[in-house]
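Residues per chain are reported as follows:
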Amino acid sequence: NAGVMQNPRHLVRRRGQEARLRCSPMKGHSHVYWYRQLPEEGLKFMVYLQKENIIDESGMPKERFSAEFPKEGPSILRIQQVVRGDSAAYFCASSPTAGTGGYGYTFGSGTRLTVV
Amino acid sequence: QQQVKQSPQSLIVQKGGISIINCAYENTAFDYFPWYQQFPGKGPALLIAIRPDVSEKKEGRFTISFNKSAKQFSLHIMDSQPGDSATYFCAASLNSGGSNYKLTFGKGTLLTVNP
């Protein structure tokens, strides 16, 4: 079992470019969550997705950010027209059922986005 | 509004000592309190968790103490080892209701255990 796979591990983008972060959940997991960790901050919830559905995107910035989890393939977190403030570590977690309090969550190793 | 406050920000302990990290929460609807351990370059990994119907939970060298009336909980690491050096996050969530999948994290404590 390969665990939750995130790629790329490190991503550098210039201001104004697009960033695409990928997350492949654990085998058998159909629930995906994205969290963002700003420097010296705890992780903050961004979005919860099930296959082909966005369940809760209350933590997503209103503009430039979007997420999807298609029927086939990984979940994608997309950030358009990146700005320096988007520099952070982005973590994906998955669970086999709707995670109660994070119970059953498995986190990936994250993607470190740097905007220059 | 920071719903889970964690202290200290950093902690240095000698090998064999006790490491204590404290958290306080505001939302009385929280009823599941996990602790996560994160090594550099890795994602958080669940270490131990407690529900408010018990005041203490122990797993090996790790113990959570929970004080419901004070809305506080803490992690104690007994006989701390250099391999315990990591960042520790407390978190909280609802056990039921519409948002029970969502974790609210503290800011983290960087623990360094000196040999």
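Going by the structure above, here's the rest.
Residues numbered from 1 in each chain as written. Chains lettered and ligands numbered in written order. Predicted model: local features only at pLDDT ≥ 70, side-chain atom pairs only at ≥ 80, totals over all residues. Heavy atoms only, no water.

## As for the overall build of chain A
The condition that has to hold: Secondary structure counts use DSSP, requiring at least four H or I residues in a row for a helix and at least two E residues in a row for a strand, with both numbered from the N terminus. Radius of gyration means the value over C-alpha atoms here, while the globule rule gives 2.2 Å times the residue count to the 0.38 power. Three exposure classes are used, based on accessible area relative to the maximum for each residue type with a 1.4 Å probe and protein chains only: buried under 20%, partly exposed in between, and exposed over 50%. Any two residues whose heavy atoms approach within 4.5 Å are treated as being in contact. Counted as positive: Lys and Arg. Counted as negative: Asp and Glu. His and the chain ends are not counted at all. Where a charge lies is defined by one atom per residue type, namely NZ (Lys), CZ (Arg), CG (Asp) and CD (Glu).
Helix and strand content of chain A: zero helices and eleven strands. Helices and strands appear in chain A in the N-to-C order β-β-β-β-β-β-β-β-β-β-β. Against the 2.2 N^0.38 benchmark of 13 Å for 116 residues, chain A shows a C-alpha radius of gyration of 13 Å, consistent with a compact globule. When its C-alpha atoms are laid out on the principal axes, chain A stretches across 35 × 25 × 25 Å. Considering chain A as a whole, with its 116 residues, one finds that 45% of them fall into the buried category. Pairs at least 24 apart in sequence give 54% of the contacts found in chain A among residues at least 6 apart. With 16 positive and 10 negative side-chain charges, chain A shows a separation of 7 Å between the mean positions of the two kinds.

## Let's talk about the environment of Val113 of chain B
Residues and elements named next belong to chain B. By secondary structure assignment, the location of Val113 is in strand β11 (residues 109-114). Look at Val113 and you get buried, because its relative accessible area is 5%. Sequence separation between Val113 and Gly16 is 97 residues, and the spatial gap between their C-alpha atoms is 8.8 Å. Ignoring sequence-local partners within four residues, the contact set of Val113 consists of Val13, Gln14, Lys15, Ser80, Gln81, Pro82, Asp84 and Ser85.

## Overview of the sheet that holds strand β3 (residues 19-25) of chain B
Picture the strands of a sheet paired through backbone hydrogen bonds; they go either parallel or antiparallel. Residue and element names in this part refer to chain B. The cut-off we apply is this: Strand pairing requires that DSSP identify at least two bridges connecting the strands. For every element, the axis is a line fit to its C-alpha atoms; helices are fit only across the contacting stretch, and the angle between N-to-C directions ranges from 0 to 180 degrees.
Read across the open sheet, the five strands follow the order β1-β3-β8-β7-β6; overall the sheet is antiparallel. Two strands close off the open sheet at either side, each with one partner strand: β1 (4-7) and β6 (56-59). Direction aside, the axes of adjacent strands within the sheet are offset by 15° on average. Where strand β7 (residues 62-67) meets strand β8 (residues 72-77), six bridges bridge the pair, whose relative direction is antiparallel. For Phe62, the partnering residue across the bridge sits in β8 and is Ile77.

## Side note on the interface of chain B and chain A
How big an interface is tends to be stated in terms of accessible area lost as the parts join. Counted only if it meets this: The buried area of a pairing is the accessible area, by a 1.4 Å probe, that goes missing from both parts when the two are put together, added over both. We define a salt bridge as a contact between a side-chain nitrogen of Lys or Arg and a carboxyl oxygen of Asp or Glu at a distance within 4 Å. Side-chain atoms alone can form a polar contact between residues adjacent in sequence; in general such a contact is a pair of N or O atoms within 3.5 Å, and within protein one must be able to donate a hydrogen while the other accepts it.
With 20 residues of chain B at the interface, the matching set in chain A holds 23 residues. Area buried by chain B at its contact with chain A is led by Tyr101, Phe105 and Lys107 of chain B, which between them contribute 33% of it. The interface formed by chain B and chain A holds two salt bridges in total. One salt bridge connects Lys107 of chain B with Glu41 of chain A, and the closest N-O pair in it is separated by 3.5 Å. Between chain B and chain A we count eight residue pairs in polar contact (both at pLDDT 80 or more) in total. Residue contributions to the side of chain B that touches chain A peak at three residues, all from strand β4 (residues 33-38) of chain B.

Limitation: the analysis is restricted to geometry and does not speak to function.
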